[in-house]
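# Coordinate inspection notes
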Amino acid sequence: MSAARLAGTHYPVAVVGGGQAGLSVSYWLRERGIEHIVIEANRVGNEWRERRWDTFCLVTPNWQCKLPGFPYQGSDPDGFMVRDEIVRYLEDYVASFRPPLVEGVSVTGLRRAASGTFELSTTQGDFTADQVVIATGPYHTPSIPRMAERLPAGIEQLHSSRYRNADQLPEGGVLVVGTGQSGCQIAEDLHLAGRQVHLAVGGAPRVARFYRGRDCVAWLDEMGHYAKGIDEFDDAGAVRMRVNHYVTGRDGGRDIDLRAFARDGMRLYGRLTGIDGPALEFADDLKVNLDRADMVAEGIKDAIDAHITARGITAPDEARYVPVWEPDGQPGGLDLAAARISSVIWSTGFTRDHRWIEIPAFNGRGYPMHWRGASSCPGLYFLGLPWQYSWGSGRFEAVGRDAEFLAGHIDASRRLADVCGALTGAPTELTAALPIG
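I will try to describe carefully the structure that is included in this document.

Definitions and limits used
- Residues numbered from 1 in each chain as written.
- Predicted model: local features only at pLDDT ≥ 70, side-chain atom pairs only at ≥ 80, totals over all residues.
- Heavy atoms only, no water.
- Helix = DSSP H or I, 4+ residues; strand = E, 2+ residues; numbered from the N terminus.
- Polar contact = N/O pair within 3.5 Å; in protein donor to acceptor, adjacent residues only side chain to side chain.
- Contact = heavy atoms within 4.5 Å.
- Core = buried A, V, L, I, M, F, W, Y, C linked by side-chain atoms within 4.5 Å.
- Buried < 20%, exposed > 50% of the residue type's maximum accessible area, 1.4 Å probe, protein only.
- Expected span 1.5 Å × (residues − 1).
- Disulfide = S-S within 2.5 Å.

### A word on the side chain of Thr179
Summarising the element assignment, Thr179 is placed in the loop between strand S11 (173-177) and helix H4 (181-192). Only 2.9 Å separates the side chain of Thr179 from the backbone nitrogen of Gly202, close enough to count as a polar contact. Beyond its immediate stretch of four places on either side in the chain, Thr179 contacts Cys184, Leu199, Ala200, Val201, Gly202, Ala204, Tyr246 and Leu258.

As C-alpha cells, this is what we get:
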C-alpha cells in the first residue's frame, strides 16, 4: 500500500507498529473482515535487525513461536532461531497473509476529537480512525544512567542495543553494566571472544536451561505457567515490573552461570553505584545477587520436581547445582585506567516514550491504564506490553492470544456502534465495561 494514501483518509482501525504485535492483531482483524491499516516506522523486523548483536538468538525454543496462522514449521523446533532467522520468520509471516502494511512512516501524534474520532499525525500526512491499537511495545528509548556522563572522555560507551560484536570495540577490557538477559549474553559473547570482561551484577534472576531431561521452558509450559493471567496474581503491579530470568539459546542452549564466568577469568562486582572519572564504586551486594539468582533457579526446579511427582511422570533424576565459585571479598571499587578498561556497555534497559499520545490513558508512572490491552479511553488499545495479560504477552508465544482478544473487543465495539447509530442516527462507542489496572 502506498504511504501517500494516508493523508486525509479515514479507517475503521489504525494499528501503530508493525512488529509481531501489530502483525498479529492485523491477522485477527482481517479474519473478522475489519478494514484497517498498519503503520510501521521502519521495516518489518527492524528491532531484531537493527538492535540485536551478531550472535543474538532466542532464549525460548522455536516451538514457542506461535504467531496467528503461522506457527514455527522448521526442522529444529527445540532449537533457538538466530537473529537473521527471526527477521526472516517475520518477513515470511507478512508474505503469508499480506496485511495492509505501510512501512517507513512514523506516527508523530495521536489525539481524540470531541466527536470521539481519533486523529493521527504522521510523516506522510494526517488521517483519522474510529479505533486505534498501539502496538509499539515498551522498548522505545535506550536508558543510560546520568552517571555515565562522569566517565572519562576516552572511554567508549554504548548501549546494549548498539552492540554488535567484540571487534567494534577498541582493544582493552570491557565493563558491562547490568545482568538482565542482554547484559549476561553480551558479557558471554565478549568472554568467548577472548576479551577481559568486568561485569556489574544486578538483581536479575536466572533459570536453568535444561532439567531432568527437558528444557525448563517445556516443563513450565506443561505446568501452565505461561498461560497464567495477570489477574491470578495478588501483586499484579509488581509482577508487571519483574525482570526476565537470564539464560541463553546459544549453541543449542545452555545455562548462563556467572560464577563459572568468574572462575574462568571474568571479574564480577556488585551494582554500579558511583563514577568519579576513572574511579568506579560498587554496592556490597555481589554475593547476595548471585545467591538470589541461584535461589530462583533452584526454586523453579523445586516446582518442576513437584509437578513430576504429582503427575507420576517418568523423568531422569538430576543432581542439583553446586556453586563453582564464591566471591572472596567483594571489590567495592575499580580504577578503569589500572584495569585497562577501554569500553563500557550499558545493559540498562529501555524507557517507554508515549509523549506523542495526547490522550490521558496513563497512570502516574506513565504506564498505560488497561485491562488485557483495552485502555481507559474507549477505542484505544495497547498490545505487546510485557505481562499485558500473561508471561507470553509481547512474545511470539502468546502475543497472538492477546491480539485475538483485542480483535474481538474491537469487533464488538464496531458492531455496537453500528446498531446504536442505526437506532438513534448518531454514532456511539463501546464503553469498556472492564476493570482497568
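After that view of the structure, there is still more to cover.
### Re the nonpolar core
Among the nonpolar cores identified, the biggest contains 62 residues, and Leu190 and Leu258 are the most heavily contacted of them. It is helix H3 (residues 83-97) that provides the largest number of residues to this core, a total of seven residues. For Leu258, the contacting residues outside a window of four places in its chain are Thr179, Cys184, Leu199, Val201, Tyr246, Leu268 and Leu290.

### A look at H4
Here H4 contains 12 residues, and its C-alpha end-to-end distance of 17 Å stays within 8% of the 16 Å for a straight helix at 1.5 Å per residue. Taken together, the buried positions of H4 are occupied by Gly183, Cys184, Gln185, Ile186, Ala187, Glu188, Asp189 and Leu190.

### Topic: the side chain of Glu397
Along the chain, Glu397 falls in the loop between strand S23 (380-382) and helix H9 (399-424). Apart from residues lying up to four places away in sequence, Glu397 is in contact with Gln64, Lys66, Asp221, Tyr226, Trp391 and Gly392.

### A short note on the state of the cysteines
Applying the stated criterion to the full structure yields zero disulfides. Just so you know, Cys65 is unpaired, no disulfide at all, and the nearest cysteine sulfur is the one on Cys57, 12 Å from it. On the basis of relative accessible area, Cys65 is assigned to the buried category, the value being 1%.

Such coordinate-based values are descriptive only and should not be taken to indicate function.
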